[in-house]
Amino acid sequence: QVQLVESGGGLVQAGGSLRLSCAASGRVFSIGAMGWYCQAPGKQRELVARITSGGTTNYADSVKARFTISRDNAKNTVYLQMNSMKPEDTAVYYCNADISPSSLTRQRNYWGQGTQVTVSS
């Protein structure tokens, strides 16, 4: 069984920083793209940042130059460094990854449980 476990959320003042981590555990044979999504109250879940297995990244326009996504393949972990945070960044942040549990199984998409990020003004 595969699990994505997020950590690092919390309360921060506007202009501050947070670093989110998400580790894949369980039966993990290979990991493809990994990403972070956010969902604010009353809104749809949307992409924040994504990184491929080769390290190519893409970001939502609203976070470019403020957030940085990275991954440590040896640790099956993806990170999201969030700087110059704004109140509108407040949301539940979800980790997402394409994971194969064995050499005989295609990658499928997994979600973490979410971590709350709150930015006060």
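In what follows, the structure referred to is the one given above.
These numbers were taken from a predicted model, which means no experiment stands behind them.

So, how was this worked out
Going along each chain's sequence as written, the residues are numbered from 1 onward. With the structure being a predicted model, the display of local features is reserved for residues of pLDDT at least 70 and the display and counting of side-chain atom pairs for 80 or more, all residues being used for whole-chain, interface and lining totals. To obtain the side-chain values, all non-hydrogen atoms of the structure were used and water was disregarded. A strand pair is defined by DSSP finding two or more bridges across the two strands. Secondary structure is summarised from DSSP: a helix means a run of H or I of at least four residues, a strand means a run of E of at least two, and numbering begins at the N terminus for each. In this description, a line fitted to the C-alpha atoms serves as the axis of each element, helices being fitted only across the stretch in contact, and the angle between N-to-C directions of two axes falls anywhere from 0 to 180 degrees. A 1.4 Å probe that fits but cannot get out identifies a cavity on a 1 Å grid over protein atoms alone, an open set with protein on both sides within 12 Å along at least five of seven lines counts as a pocket, and a residue lines either if it has an atom within 4 Å of a point. Grid points are joined across faces, edges and corners, and a volume is the space filled by probe spheres set on the points. By the convention adopted, Pro, Cys, Tyr, Trp, Phe, Met, Ile, Leu, Val and Ala count as nonpolar, Lys, Arg, Asp and Glu as charged, and the other residues, Gly among them, as polar. When the sulfur atoms of two cysteines come within 2.5 Å, that pair is taken as a disulfide. Only protein chains enter the calculation, and the probe is 1.4 Å; a residue is then buried if its accessible area is under 20% of its type maximum, exposed if over 50%, and partly exposed in between. Throughout, a residue-residue contact means that at least one pair of heavy atoms, one from each residue, lies within 4.5 Å.

Draft legend 1. How the structure looks around the sheet that holds strand β8 (residues 77-82). Spatial ordering of the open sheet is given by β1-β3-β8-β7, a layout of four strands whose pairing is antiparallel. Looking at the sheet topology across the chains shown, the edges are occupied by β1 (2-7) and β7 (67-72). For this sheet the average axis-to-axis angle between neighbouring strands, irrespective of direction, equals 15°. With six bridges joining them, β1 and strand β3 (residues 18-26) adopt antiparallel strand pairing. Within β3, the residue paired with Gln 3 across the bridge is Ser 25.

Draft legend 2. Representation of the layout of surface pockets within the structure. Reported here for the largest pocket is a volume of approximately 260 Å³. Lining the largest pocket are 17 residues, with Cys 38, Glu 46, Ser 62, Glu 88 and Asp 89 positioned closest to its centre. A total of three residues in the lining of the largest pocket trace back to one element, the largest contributor, which is strand β5 (residues 46-51). Considering only residue class, the lining of the largest pocket consists of eight nonpolar, three polar and six charged.

Draft legend 3. Summary view of the state of the cysteines. Within this structure, the stated rule accounts for one disulfide. Sulfur-sulfur distance for the disulfide between Cys 22 and Cys 95 comes to 2.1 Å. Residues Cys 22 and Cys 95 are joined by a disulfide whose S-S torsion is about -80°; by sign, that bridge is left-handed. With Cys 22 in strand β3 and Cys 95 in strand β9 (residues 91-100), the pair connects residues that are 73 residues apart, well separated along the chain. We note that Cys 22, like Cys 95, is buried. For the unlinked cysteine Cys 38, the closest cysteine sulfur is that of Cys 95, found at 14 Å. For Cys 38, a relative accessible area of 12% corresponds to the buried category.

Draft legend 4. Local environment of the environment of Thr 52. Relative to the elements of secondary structure, Thr 52 occurs in the loop between β5 and β6 (57-59). Separated by 19 residues in sequence, Thr 52 and Arg 71 place their C-alpha atoms 9.2 Å apart. Excluding its chain neighbours within four sequence positions, the residues that come into contact with Thr 52 are Gly 32, Ala 33 and Arg 71.

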